[in-house]
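Descriptive structure summary
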Amino acid sequence: QNPKTSAIVKQLVAEGNAGELQKYFGSRMEFGTAGLRAAMGAGISHMNDLTIIQTTQGFCRYLEKNFSDLKKRGVVIGFDARAHLSSGGSSKRFARLAANTFISQGVPVYLFSDITPTPFVPYTVTHLKLCAGIMVTASHNPKQDNGYKVYWENGAQIISPHDKGISQAIEENQEPWPQAWDDKLIDSSLLLHDPYATVNKEYFKDIQKQCFHRNINKETSLKFVHTSVHGVGHKFVQLAFKAFDLSPPFAVPEQKDPDPEFPTVKYPNPEEGKGVLTLSFALAEKDGAKIILANDPDADRLAVAEKQESGEWKVFSGNELGALLGWWIFTCWKNHNSDTCAIKDVYMLSSTVSSKILRAIALKEGFHFEETLTGFKWMGNRAKQLMDQGKAVLFAFEEAIGYMCCPAVLDKDGVSAAVITAEMASFLATRNLSLSQQLKAVYDEYGFHITKASYFICHDPKVIQQLFDNLRNFDGKNTYPKSCGRFQVSGIRDLTTGYDSSQPDQKAILPTSKSSQMITFTFANGGVATMRTSGTEPKIKYYSELCAPPGNSDIEQLKKELDELVSALEKHFFQPEKNNLQRKTE
């Protein structure tokens, strides 16, 4: 019943454009553990009013089956500022249609009345003890995309088998229910609640538990620039600074207000490095700011840059900021917990493709470190399990600039990460230390961890399958490579097949998945490299790291060694020319 998408389809039918119609209606968007992510537009392969109604009807039925008290507890729904003029789709419209679906079945809905950062949804699930949460966002994807992200009652993103159960329920509930299209009905419903004011108050109260140096914050002369890259983050980061008694950061004026066109950037993704930060660098130079904090458009990720003595700007990698925040959060915990027994209940987590720097800190300081599969759904769920056992999960991170610094949110949160980074930098400034100098101090104390990650683009699933099959049958059937160029392989873990050469029974401890490719090689020189396929893009990614014991301070030699290992990995394991792989372009 959306006149715009309806008109698009009618036009294609009139033109007899079978190719385009096949694209729109050939296959339904797949509902996975990350929910939905696709371009907005007509047809069942796109995000539009109909597919949102169908998805929510399925999700609603699945929740009814799992929670006898769904009609008492309810769900929360948030949305970002994305909008798509040509199809009439927008995050707000989709959120209202989803709310209407639940309310029509007598389920209370806590619908945010305005745009909100993604972390506010898992926070609300936990804080109000709801059954589930939905965030309508496509994070840092291109402007035409949107997404539908789902949280379970534990406040973490869903993991299997919920994705399969929801997917099946969507298949069974495709015909829109009566009044499914009429979202105006919700405005007069007693089942509609707006959590905006409460959550804004409570969230900023909760993150203050991570504020340890209020006096320094009040007096610091350090200046910060913040960009929300045309997304939702501006207001919330300003409020976070206020909650920590820090002077507000300078906001990049051209990027501070939400704009679904993202007009000043090629990709609205601060992970892409300096290109996204051009306007931030200019403002920082003008206002004399030393540090730039950049959120992605739904404010669940954070990139940080710092002006060096040389006048150059250093953009920290996700692993480097993970090392700094891990060191900082543990140091603050240690200074406020004199009981040495308590440390045995302290945990930090990171994903298996992220730097192992937290493991090195944990070994030396005596707390626990665990690695999980890639993605915050795994870290959030594991953190909740540990917290339910009375453990303290201080911090979790992944190299894709995602940080969980505050146990009130069991997902990555770019708002709390931004203000905690600002407090850390302000504290270090009182010791005449920069973030870069402190990072070197962390590596000096716990051992250098040099990382390098990139990807190849490959649109042919057969080639990808063949590439990984070759690695599993390298020197004859069922034999993995024993070396990669001059580098000896000392261990192999294959999370597609469940093989792990380092375990007594040769079975991997982490969960395995036959539907995605992932092999980790350990080398005799202390290097580790993981090759994996992406769940959302036509990419084969690799992540490599060289860990040196404390005291090995020849960082240039370590970098050279890692560069050579990566070159060998590309040449012998990826074979880009033979497999016609396209390199990442800067």
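Once a new chain begins, its residue numbering starts again from 1 and follows that chain's sequence as written. Only residues with pLDDT of 70 or above have their local features reported here, since the model is predicted, and side-chain atom pairs are shown and tallied only from 80 upward, although totals for entire chains, interfaces and linings are computed over all residues. Side-chain numbers come from the whole structure's heavy atoms, not from hydrogens or water.

Cut-off, in case you're wondering: UniProt positions are given in the numbering used here, feature names are shortened, and annotations may be inferred rather than shown by experiment.
As recorded in an unreviewed UniProt entry, the protein goes by the name PGM2 protein, listed as coming from Aramus guarauna. Entered under Cofactor (unreviewed entry) in the UniProt record, the comment concerning the protein runs "Mg(2+)". Note on the protein: under the UniProt heading Subcellular location (unreviewed entry), the record states "Cytoplasm".

1. Examining the overall build of the protein
Put simply, the rule reads: Numbering of helices and strands starts at the N terminus; helices are DSSP runs of H or I of at least 4 residues and strands are runs of E of at least 2. Put simply, the radius of gyration uses C-alpha atoms, and a globule should come to 2.2 Å times the residue count raised to 0.38. Remark: exposure states derive from per-residue accessible area (1.4 Å probe, protein chains only) relative to the maximum for the residue type, with buried under 20%, exposed over 50%, and partly exposed in between.
Along the backbone of the protein there are 19 helices and 25 strands. Taking 586 residues into account, the globule formula puts the C-alpha radius of gyration at 25 Å, and the protein, at 24 Å, falls close to it. The C-alpha extent of the protein, read off along each of the three principal axes, is 70 × 65 × 50 Å. Buried residues in the protein amount to 57% of all 586 residues.

2. Structural notes on the pattern of salt bridges
The test is simple: By salt bridge we mean one thing: a side-chain nitrogen of Lys or Arg within 4 Å of a carboxyl oxygen of Asp or Glu.
This structure, assessed with the given rule, holds 35 salt bridges. Across the salt bridge formed by Asp300 and Lys149, the nearest N and O atoms sit 3.6 Å from each other. With Asp300 in the loop between strand E11 (291-295) and strand E12 (302-307) and Lys149 in strand E7 (residues 145-151), this residue pair connects regions lying 151 residues apart in the sequence. Judged by relative accessible area, Asp300 falls into the buried class, the value being 1%. According to the relative accessible area criterion, Lys149 is buried, its value standing at 10%. The salt bridge partner of Arg301 is Asp296, with a shortest N-O separation of 3.9 Å. Looking at Asp296, the relative accessible area reads 0%, which means it is buried. Three or more residues joined by partner-sharing salt bridges are found here, namely Asp49, Arg93, Arg96, Asp183 and Asp187.

3. Quick look at the sheet that holds strand E9 (residues 224-227)
To be explicit about the condition: DSSP bridges decide pairing: two strands pair if at least two such bridges lie between them. The contact criterion used throughout is that any non-hydrogen atoms of two residues lie within 4.5 Å. Interaxial angle, 0 to 180 degrees, is taken between N-to-C directions of lines fitted to C-alpha atoms, where a helix line uses only the stretch in contact.
Sheet architecture is open: 5 strands sit in the order E10-E9-E11-E12-E13, paired in mixed fashion. Each of the sheet's edge strands pairs with one partner strand only, and the pair in question is strand E10 (250-251) and strand E13 (313-315). Strand direction decides the pairing type here: E9 and E11, joined by 4 bridges, are parallel. Of the residues in E11, the one forming a bridge with Thr227 is Ala294. Across the sheet, helix H10 (residues 233-243) is in contact with E9, E10 and E11; its angle to E9 comes to roughly 150°.

4. Concerning unusual backbone geometry
Along the chain, Ser160 connects to Pro161 via a cis peptide bond; the corresponding omega equals 5°. Take Pro161: it is sitting in the loop between E7 and helix H7 (162-172). Positive phi values are uncommon outside glycine, yet Phe262 reaches one of about 45°. Within the secondary structure layout, Phe262 lies in the loop between E10 and helix H11 (278-287). A positive phi angle, close to 55°, is found at Asn478, a residue other than glycine. Mapping Asn478 onto the fold places it in the loop between helix H17 (461-472) and strand E19 (483-484). Here Asn478 falls in the exposed class, since its relative accessible area comes to 60%.

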